[in-house]
Amino acid sequence: MARSGLAGAARVARWADAALGPGRGSATAAGQAILSDATAEWAADELGLTPAQVRADWDTARLAGLVEVHGDTARPGWRLRAWNRDDSAVLRGWVALFDAWSLAHPEPEGHEPAAVSEVVSAMPQVLSFLQLSAGPVPVPQLLDLLQQRVTELRTERCEVDYGPRSSGPAHPEPSPEPRLGPAAPALAPASAPTGPGADAAALAPLLDWALRALAAVGALTYGEGQATLTPLGSWAVWVKLEQICVAAQSPAGNIEQGAEDMLRGCAQLRPNAARAEYRAWLAARPVGSAVTELLDAARGEDALLRGLAFEALRVVGAPAEPEVRAVHDEPTLRPYALLWLAEHDGADPEEAHEVLTRSEATWLWVDTAAAVADHGEAPLLVRHLESAVQPTVPALLNEVRAVGHPRTVQVLVALAAAHPDPALAKAVRRAAFQVHTGS
C-alpha cells in the first residue's frame, strides 16, 4: 500500500534526479530546482501529467523524503535510492508523509493559527480512538472527542474562559485511551461534558480538513459521515503507540535528557542495555533532531561521547545516512563517519576499518585512547596498544606524532604512566615531550 500510494511521488522524484541533478545544467535552464511554472510544465510534458499533478506529486515526494532541494539543485533522498530493494525505506517514507499530514492538504481559510495548531495537536488522540475502534466511526462522535481534547489542551495551558459555561464539571474526566505523544492522559467517553473553551461549530470545519488531509495521505477513508483507518493508517498508529511504550520503559531513565547527558548515562551500561536506552531515547524524538543532537555531542571534546554517539547512530540506521555523509569531511568525525557508512553499506564490522587510511586509523586510535585514558583503567590503556595498525611501538609513536590529534600529549603521558615496561614507558614519555615541544 505504501509503495502504490507513493508511486506518483517516486516517479516525479526520479524525473527530478535525472533532469535537475547537479552537473546537468537543467535546473538553471528551467528556472530553478523548486517547481517554478516552467519546471512544472517541463515535467508534465515529459511524464504525461498535468502541471497540477506534477506539483502535488512533487510536494508528496518532498514530504516523504524521496527528493531533497538544496538551493537551485534537487537531489534524490536516501529513500528513493533504496526504493527498489528496501521495503522499510518505502514504509519510512510513507510514515514521514503521515507525520506531515497537516502540510499535505491546505488548511481552510479564515481560522486562527492557534485553533489550527490545537486541532493538529489533538488529532493523534482522534487517530488513537479510530485505531482502537477498528472500524468506521461517525464524524459527530469524532467531533465530540476533538472538542474534549481541545478543551483539555486549553486547560493544560491554564486558559480560563470567563464566558458563559455549560453545565458539567470544570475539568474533563480522565479517560483510558492513550494519545500519540510523550504523555498519555486518558480519553473520556464521547458523551461526557466537555467543559468550557471548545466550540464544536468552530471545530467542525477543522475536523473536516484534518480528516480530508489524512485521507489524502492514505491514512484513512472519509465519506458518508464516517471515517475509517486504512490498514496502513492502523499500522502507523500502532507503531506510534508502540514507540511511546518503548520510550516509557527506558531502563536508565534518560529519555528527557539531552544527547550528551544521555550518552554519559549510557557510558557504564553493557552494550545491549545501552542500545535499549538509545532506542527509548530515539523513540521519544523526531529522527532529524535526534541525529543532529547526537552529531553535536560527537563534536565535543570528550572522545568517549564521540564513540557512543556513533553507536547510537547505528541504532538510528538508514535515516541518519544523509547527516552522517554530510559530516564525513570534518576531521574530528571523519573516521567514525567512514566506519558508520561502510557498515551501513553492508561491510562486515570486523572489516569496516579497511576503509580508513593509515593516518585516519591512527587518528582514531589516539581518539579511542583518549576516551580510555579519561574514563577507563590503566590496564585497558595498555591493552589498547594491541589494536594499533602499526606493527611496532616505534612505528606507532612516529605516526601518532605526525597525525596531529589534539589529545596526543595527554594520551602518551597516560600510556607511559600505565605501561609496566620501563624502557617502553621511557620511549613513550620522550615522544610525548617531542610532541609537546614541537621537536
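Given the structure is predicted, the values throughout are model-derived calculations rather than measurements. (Residues numbered from 1 in each chain as written. Predicted model: local features only at pLDDT ≥ 70, side-chain atom pairs only at ≥ 80, totals over all residues. Heavy atoms only, no water.)

### Quick notes on the environment of Ser-88
What counts, and what does not: Secondary structure follows DSSP: runs of H or I at least 4 residues long count as helices, runs of E at least 2 residues long count as strands, and numbering of each begins at the N terminus. Partly exposed residues are those whose accessible area sits between 20% and 50% of the maximum for their type, while under 20% is buried and over 50% is exposed, using a 1.4 Å probe and protein chains only.
Tracing the backbone through its elements, the reader meets Ser-88 in helix H7 (residues 87-99). Overall, Ser-88 belongs to the partly exposed group, its relative accessible area being 36%. Separated by 230 residues in sequence, Ser-88 and Ala-318 place their C-alpha atoms 9.7 Å apart.

### Considerations on the nonpolar core
To keep it simple, the criterion reads: Definition of nonpolar core: a set of buried residues of the types Ala, Val, Leu, Ile, Met, Phe, Trp, Tyr and Cys, connected through side-chain atoms within 4.5 Å. Working rule for contacts: check all heavy atoms of both residues, and any pair within 4.5 Å makes them a contact.
Ranked by size, the top nonpolar core spans 62 residues in total, and within it Leu-66, Trp-94, Met-123, Leu-130, Leu-142 and Leu-146 carry the most contacts. Counting residues per element, this core draws most heavily on helix H9 (residues 113-133), which supplies nine residues. When near neighbours in sequence (up to four residues on either side) are disregarded, Leu-66 contacts Leu-6, Ala-9, Ala-10, Ala-13, Ala-61, Pro-76, Gly-77, Arg-79, Leu-80 and Trp-83. Judged by nonpolar contacts, the second largest core, of 59 residues, contains Leu-294, Val-324, Tyr-336 and Ala-431.

### Considerations on the layout of surface pockets
For clarity, the cut-off: Buriedness for pockets is judged along seven lines, at least five of which must meet protein on both sides within 12 Å for an open set on the 1 Å grid over protein atoms alone, while cavities are sets there where a 1.4 Å probe fits but cannot get out, and lining residues have an atom within 4 Å of a point. Grid points are joined across faces, edges and corners, and a volume is the space filled by probe spheres set on the points.
Space inside the second largest pocket adds up to approximately 900 Å³. Contributions of two or more residues to the lining of the second largest pocket are made by helix H14 (271-283), helix H16 (303-316), helix H18 (334-344) and helix H19 (358-375). Of all the elements, H16 adds the most residues to the lining of the second largest pocket, at seven residues.

### Section: the side chain of Thr-362
Which entries qualify depends on this criterion: Polar contact is the term for a pair of N or O atoms within 3.5 Å; when the atoms are in protein, one must be able to donate a hydrogen and the other to accept it, and sequence-neighboring residues count only if both atoms are side-chain atoms.
Examined against the element boundaries, Thr-362 turns out to sit in helix H19. By relative accessible area, which is 1% here, Thr-362 ends up buried. Here the side chain of Thr-362 touches Gln-390 through a polar contact of 2.8 Å, side chain to side chain. With near-sequence residues (within four places) excluded, Thr-362 lies in contact with Val-389, Gln-390, Glu-399, Val-400 and Val-403.

### Quick look at the sheet that holds strand E3 (residues 137-138)
Rule in force here: At least two DSSP bridges between two strands are required for those strands to pair. All axes here are fitted lines through C-alpha atoms, helices being fitted over the stretch that makes contact, and every angle between N-to-C directions spans 0 to 180 degrees.
Taken in spatial order, the three strands make up an open sheet running E3-E5-E4, and their pairing is antiparallel. Every other strand in the sheet has two partners, leaving E3 and strand E4 (220-223) as the edge strands with one partner each. Across four bridges, E4 lies against strand E5 (residues 226-229) in antiparallel orientation. Residue pairing for E5: Gly-223 is matched across the bridge by Gln-226. Of the strands in this sheet, E3, E4 and E5 are in contact with H9, which crosses E5 at around 75°. Of the strands in this sheet, E4 and E5 are in contact with helix H11 (residues 200-216), which crosses E4 at around 130°.

### Remarks on the packing of helix H2 (residues 7-20) against helix H5 (residues 51-63)
Convention followed: Here the angle decides the label: under 35 degrees means roughly parallel, over 145 means roughly antiparallel, 65 to 115 means roughly perpendicular, and every other value means oblique.
Taken N-terminus to C-terminus, the directions of H2 and H5 make an angle of 90°; their axes are 8 Å apart at the nearest point. The orientation of H2 relative to H5 falls into the category roughly perpendicular. Contacts from Gly-8, Ala-9, Arg-11, Val-12, Ala-13, Ala-16 and Leu-20 of H2 reach H5 at Val-54, Asp-57, Trp-58, Thr-60 and Ala-61.

### Notes on the pattern of salt bridges
When their charged atoms lie close together, side chains carrying opposite charge are able to pair. Stated precisely, the cut-off is as follows: For salt bridges, the criterion is a side-chain nitrogen of Lys or Arg within 4 Å of an Asp or Glu carboxyl oxygen.
Enumeration according to the criterion identifies 15 salt bridges in this entry. Across the pair Arg-334 and Asp-329 runs a salt bridge, and its minimum N-O distance is 3.3 Å. With a relative accessible area of 25%, Arg-334 lands in the partly exposed category. Under the relative-accessibility criterion, Asp-329 is labelled exposed at 56%. A salt bridge links Asp-374 to Arg-407, with the shortest nitrogen-to-oxygen separation between them at 2.9 Å. One end of the pair, Asp-374, is in helix H19; the other, Arg-407, is in the loop between helix H21 (393-403) and helix H22 (408-418), and 33 residues separate them in sequence.

### A word on a negative patch on the surface
What counts is decided by this rule: Each patch is built from salt-bridge-free residues with over 30% relative accessible area, joining like charges within 9 Å and nonpolar side chains (Val, Leu, Ile, Met, Phe, Trp, Tyr) within 5 Å. Residue exposure ignores everything except the shown protein chains as possible cover, and the areas themselves are Shrake-Rupley values with a 1.4 Å probe. Counting rule applied: Lys, Arg positive; Asp, Glu negative; His and chain ends not counted. To locate a charge, take atom NZ for lysine, CZ for arginine, CG for aspartate or CD for glutamate.
Taken together, the side chains of Asp-348, Glu-350, Glu-351 and Glu-354 present a region of like negative charge at the surface. With respect to the element layout, Glu-350 can be found in the loop between H18 and H19.

### Quick look at the packing of aromatic side chains
Defined as follows: In this scheme Phe, Tyr and Trp rings, the latter by its six-membered ring, pair at centre separations within 6.5 Å, and the angle between planes marks the pair as stacked below 30 degrees, edge-to-face above 60, and tilted otherwise.
For the structure shown, the criterion picks out three aromatic pairs. An angle of 80° between the planes, with centres 5.1 Å apart, marks the rings of Trp-15 and Trp-42 as edge-to-face. Residue Trp-15 is found in helix H2, and its partner Trp-42 is found in helix H4 (residues 37-47); the two are separated by 27 residues along the sequence. You can call Trp-42 partly exposed: its relative accessible area is 24%. On the basis of an interplanar angle of 15° and a centroid distance of 5.4 Å, the ring pair of Trp-94 and Phe-98 is categorised as stacked. Highlighted residues: Trp-94 and Phe-98, both in helix H7, separated by four residues, approximately one helical turn. Look at Trp-94 and you get buried, because its relative accessible area is 2%.

### A look at H2
Here is the rule: Helices are assigned an expected span. That span is 1.5 Å times one less than the residue count.
In this model H2 runs 19 Å from its N-terminal to its C-terminal C-alpha over 14 residues, within 8% of the 20 Å that 1.5 Å per residue would give. Burial of H2 is extensive: ten of the 14 residues sit out of reach of the surface. All buried positions along H2 are accounted for by Gly-8, Ala-9, Ala-10, Val-12, Ala-13, Trp-15, Ala-16, Asp-17, Ala-19 and Leu-20.

### With respect to the confidence of the model for the protein chain
Selection criterion: Note: pLDDT gives the predictor's confidence per residue, expressed from 0 to 100.
Of all residues in the protein chain, 83% have pLDDT values of 70 or greater, and the mean over the chain is 78. Summarising per-element confidence for the protein chain, the mean pLDDT is lowest in helix H3 (residues 26-30) (41) and highest in H16 (92). In the predicted structure, residues 25-32 sits below a pLDDT of 50 and forms 14 contacts with residues beyond four places in sequence or in another chain. Scored below 50 in pLDDT, residues 159-196 makes 69 contacts in the model with residues more than four places away or belonging to other chains.

### Details of the pairing of E5
For E3 and E5, the ladder comprises two bridges, and the chain directions are antiparallel. Bridging across to E5, Pro-138 finds its partner in Gln-226.

### Let's talk about the side chain of Asp-302
Considering the arrangement of structural elements, one finds Asp-302 in the loop between helix H15 (287-298) and H16. At a separation of 2.9 Å, a polar atom in the side chain of Asp-302 contacts the main-chain amide nitrogen of Leu-304. What Asp-302 contacts, discounting residues up to four positions off in sequence, is Arg-264 and His-375.

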